[in-house]
Amino acid sequence: MRSTLSLLLLLSLTFAQSYLMIVHNPNSQTLTNFQVRAKLPADLQGKALTIKDMNGNPVPFCYETATGECTTDPTQGDGYVWVKVPSIPANGDAKLVVEVGSNGAVKGDEVFEFYDDFNEGYLDTNKWIKVKDEGNEIVVRSGYLKLEETSANNNGVILSTVKNFPDNIVIEARVIVNYASTGDLDPMIHFDKYTNPLWNPDGSNYCLTFYFGEDRNWDGVYLGLTKIIDLPKPPSGTPITLYFIPKSGNINACIGTSCGTSSVKHSCNYENVILMINMLRDDGKTYLLVDWIHIRKYAPIEPTVTFQAYGGYQAPSTVTGMSQVWSYDIGSSVEALAFSDNGNLGAASVDRCAYVFDQSGNLLNKVCGDDWMNDISYANGKFLADNYDNYLYVMSERGTLIKKLEVGESYDDGVTAFSQGFIVCDDYCAYYNWNYEKIWDTSVGSNTHTSGPAIAKGYVYALAVDSGKVKIISLSSGSVEGSVTLDGDAYDVAACGNYLAAASQDKLYLYSLDDPTSPTLLWTKDISLGDADYRSLAFSPNCKFLALADTNNDQVDIFNAKTGAIVYTKDFDRPTAVAWWKDELAVAQKDGSIYVFRLEGFKGPAYSPTPSSSTITGLTLLWRHGFSGTADAVAIADNGNVGVANYDNCAYVLSKTGSVLGKYCGGDDVDDASYCCGKFGFADIDDYDYFLDVTGNYLKAIHVGDDYDFAITMLPNGFIACDDYCGYFTYSGSQIWSTELDGEARNGPAVYKSYVYVPDYGEDEVEILSLSDGSVLNKMSFSSAVHDVGVCGKYLAVVTSNKLYLYKLTDPTDPTYLWSVGNIYINDEYSQNLAFSPDCRYVAVADTGNRALKIYDIQGNLVLKRSFPDPVRGVDWRKDWIAVSSGYYVYLFKVEGYKPQGAPVTKAQMTTVTNTVTVTKRVGGLSTNIIKEITKLPRGNVTWTIPG
């Protein structure tokens, strides 16, 4: 039988036009944007391919050549591809679709953390810095980087990467070393913090160094001056592949096929990967050639890859039969079933355990609690099982326990997982994100029994069993927006597309969700479930059919969702639960038997890739620029130029390629930067604010005084300057109003319509001011110092010393709390920590204490984290660019996978009507009324026309 199945699989693989690529991660941590090398089936080798995720989004990959380079030409491939897999769950699988016919390969820069094959014919200064080159000693020629010392001064030839790297990487390169010199040849890959000079003859300032082709037989890895890995010297003039993992406590290195390892711990402060060659004498024949080098992410165990035929699926017509695929007897009643994305099946049983089976019915693992396992659900690479012991058990796609989360007695009876998090319910329902932080909880008035709620169109449909209601709860806030009343106790609920199905003890209901807060009844059917403690409903993947485990009638019925007609029925012995995956239906019985059937006549929905909805997949460094002082705040102009506030007393404007266009220096630290309408504004604690145009030309300085010289927010016809006070100034220097703060602001305020939100660092609050006259309208209190605020659309974000908060500005004077996330540590009162994406769907946070940039989606889920060698102080976001300041450097990144939707936003988002208002200018205790004219501009901008 196995031989027959293997032959059928081989035949299907030969003739299919699509293939399923399954990447298994055997590690205990999720791998994100991870480079995987995969050997293609023979039928795919040499063909033009496109690789996509299961939503149809392109996945970066390239073909490997016979010499190890990365190419977009399939005819040059050696049968392997390198794929940058967006996410591989811990101890789980990621699935990708490989399509034949069109070529979707990309350059190596988009696949690896760093890549250069030197085929462009020049040294790419966006990737490399010539640290020491004393006369054409570093050249790119004929597809090779050549390092050759042409003088005998022993200063070395040094080339450094622009990009910095952590130690959890793998470095691979193909090199040729020529030993013709009678002098001292030291080719190496050297790790350390960038210092000057980088090289000492005795190596005393080295940290971790990988020598290869060293003519004194030093080949191997050194920690300082101590060799920790000994390797043989490679032959002269012969291409050799290098392999180096500089991970602390797990260092590996290979020269060709000779490898070594060391468990020596180290504390090297990495910043650059540096290629270096040093010689005492030159004979014109000694050199190092580098064919290519790439750097990729490290995992303790490399993921494995398998391929399966994937021919796509046709639209269903009807179900004509059910043929058994496999069965398994647990021996105790099964409460719920759930399929994973790859067809693994999870089961929750009254024997206290949750089980996970593979597609062939083999038990992969089980996890047990202290009481009944009531419900099971799947999303985001994880099975979640709810137990009466007050805990939720989180498992990988293969059943390995990831986390045991205490949810409490009021939430331990039902669970539903989805892309942004999960809902647990009993007498209450609570929403958790994937950081396992509770977003909200809401009473449903009566217990929900085993079945978790349904989620559709931004609403949660939760069961209030004893009252016979389905409560309709807002997913964003947790507020109850309505309910649906059933005829009898409410037993189960499911949603798919525009349909909501609900089951009471005696009736099945189907509703339309044209209005999700007031579902419209389409039809009802008489049934007999008998017991509420089962998950008895399951939609087909395309929402056209609905399966019901009709317990008391001893049958499973499949209904046409549109008409309510039964299209197929099969008898069972007290069926309790159903689950549907592609063309397979799983059924459980009260006696503990589980069956998986293939549905004859039914084929799952066609694989139809959909355009990306802007999912962030990573950050690609565009450039990095170093300064002599600490870089603080950053601001990006519309054209990609970047303004930088620096502690060397200067304000800078950098081009979108990282070169200095202009600078202006004041009398003290420049602490804040802002951009609006073609010009940058900078706050200097010398009592002045300085203004430069988008190309770096100095425009003017405005004296604002000691009470206003720490923070700035640029507006179309003026700016708000803050410190112990906040004041609204025109660009001619006139002050419109002034307001004393309870504490002090260390970052510029955010503006929404006619409201100003000031981050009052000194008093742990956000003060809400009127833009027209500066009057205090309200104050929002927090438990720790408020560092920064941001506004985008109707959202207000606030970051404190330990949390990020999001509010909705339904009432701008009393924002509505949506969520907060922790694990943020901001220990620098001067840092600028917050920026929205242009379309308001993401929030970037500069987490100074954790030395990381973090990006959250608008639901509060962490979608990306990037670490830096120094505290991250500033961040700004415009279009698909993110600027970051860290230590003495400013970085500009391209946000991969992100497509901005809508107009860019800044801290100022103002709309008002044309009007004449009287505002009060308060200076030195005196009040003077000034008449200002406000004119509404397109897209909600405001201009202040100031007579005289």
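Conventions used here
Residues numbered from 1 in each chain as written. Predicted model: local features only at pLDDT ≥ 70, side-chain atom pairs only at ≥ 80, totals over all residues. Heavy atoms only, no water. Helix = DSSP H or I, 4+ residues; strand = E, 2+ residues; numbered from the N terminus. Buried < 20%, exposed > 50% of the residue type's maximum accessible area, 1.4 Å probe, protein only. Areas by Shrake-Rupley, 256 points an atom, 1.4 Å probe, with all protein chains shown as cover. Phe/Tyr/Trp six-rings, centres within 6.5 Å; stacked < 30°, edge-to-face > 60°. Lys NZ or Arg CZ within 6 Å of the ring centre and 35° of its normal. Contact = heavy atoms within 4.5 Å. Pairing = 2+ DSSP bridges. Polar contact = N/O pair within 3.5 Å; in protein donor to acceptor, adjacent residues only side chain to side chain.

- In the nomenclature of an unreviewed UniProt entry, the protein is known as DUF2341 domain-containing protein of Ignicoccus pacificus DSM 13166.

## Focus on the overall build of the protein
- Looking only at helices and strands, the protein features 1 helix and 83 strands.
- With 948 residues in all, the protein has 60% of them scored as buried.
- Looking at the protein as shown, the accessible area adds up to about 34,300 Å², and 46% of this sits on carbon and sulfur atoms.

## A closer look at the packing of aromatic side chains
- Inspection of the entire model under this criterion finds 50 aromatic pairs.
- Seen in terms of ring centroids, Phe 422 and Tyr 432 are 5.3 Å apart; in terms of plane orientation they differ by 5°. Their pairing is stacked. In this pair, Phe 422 is assigned in strand β34 (residues 421-425) and Tyr 432 in strand β35 (residues 428-433), connecting sequence segments 10 residues apart.
- Among the aromatic residues, those joined into a ring-pair cluster are Phe 691, Tyr 708, Phe 719, Tyr 725, Phe 729 and Tyr 731.
- Across the ring face of Trp 434, the terminal group of Lys 382 is positioned such that the distance to the ring centre comes to 4.8 Å.

## Section: the environment of Lys 894
- Its place among the elements puts Lys 894 in strand β79 (residues 889-896).
- Accessibility expressed as a relative area gives 30% for Lys 894, which makes it partly exposed.
- For the pair Lys 894 and Leu 621, spaced 273 residues apart in the sequence, the C-alpha separation amounts to 6.5 Å.
- Those residues in contact with Lys 894 that lie beyond four places of it in its chain are Gly 618, Leu 619, Thr 620, Leu 622 and Asp 880.

## Remarks on the sheet that holds strand β2 (residues 31-39)
- In spatial order, the strands read β2-β6-β4-β5; together these 4 strands make up an open sheet with antiparallel pairing. Bordering the open sheet on either side are β2 and β5 (70-71), each of which pairs with just one other strand.
- Across 8 bridges, β2 lies against strand β6 (residues 77-88) in antiparallel orientation. Bridge pairing in β6 places Arg 37 opposite Trp 82.

## Regarding the side chain of Arg 746
- Note that Arg 746 resides in the loop between β64 (735-740) and β65 (750-752).
- Classification of Arg 746 by relative accessible area gives buried; the value is 11%.
- For Arg 746, the side chain forms a polar contact with the side chain of Asp 723, separated by 3.0 Å.

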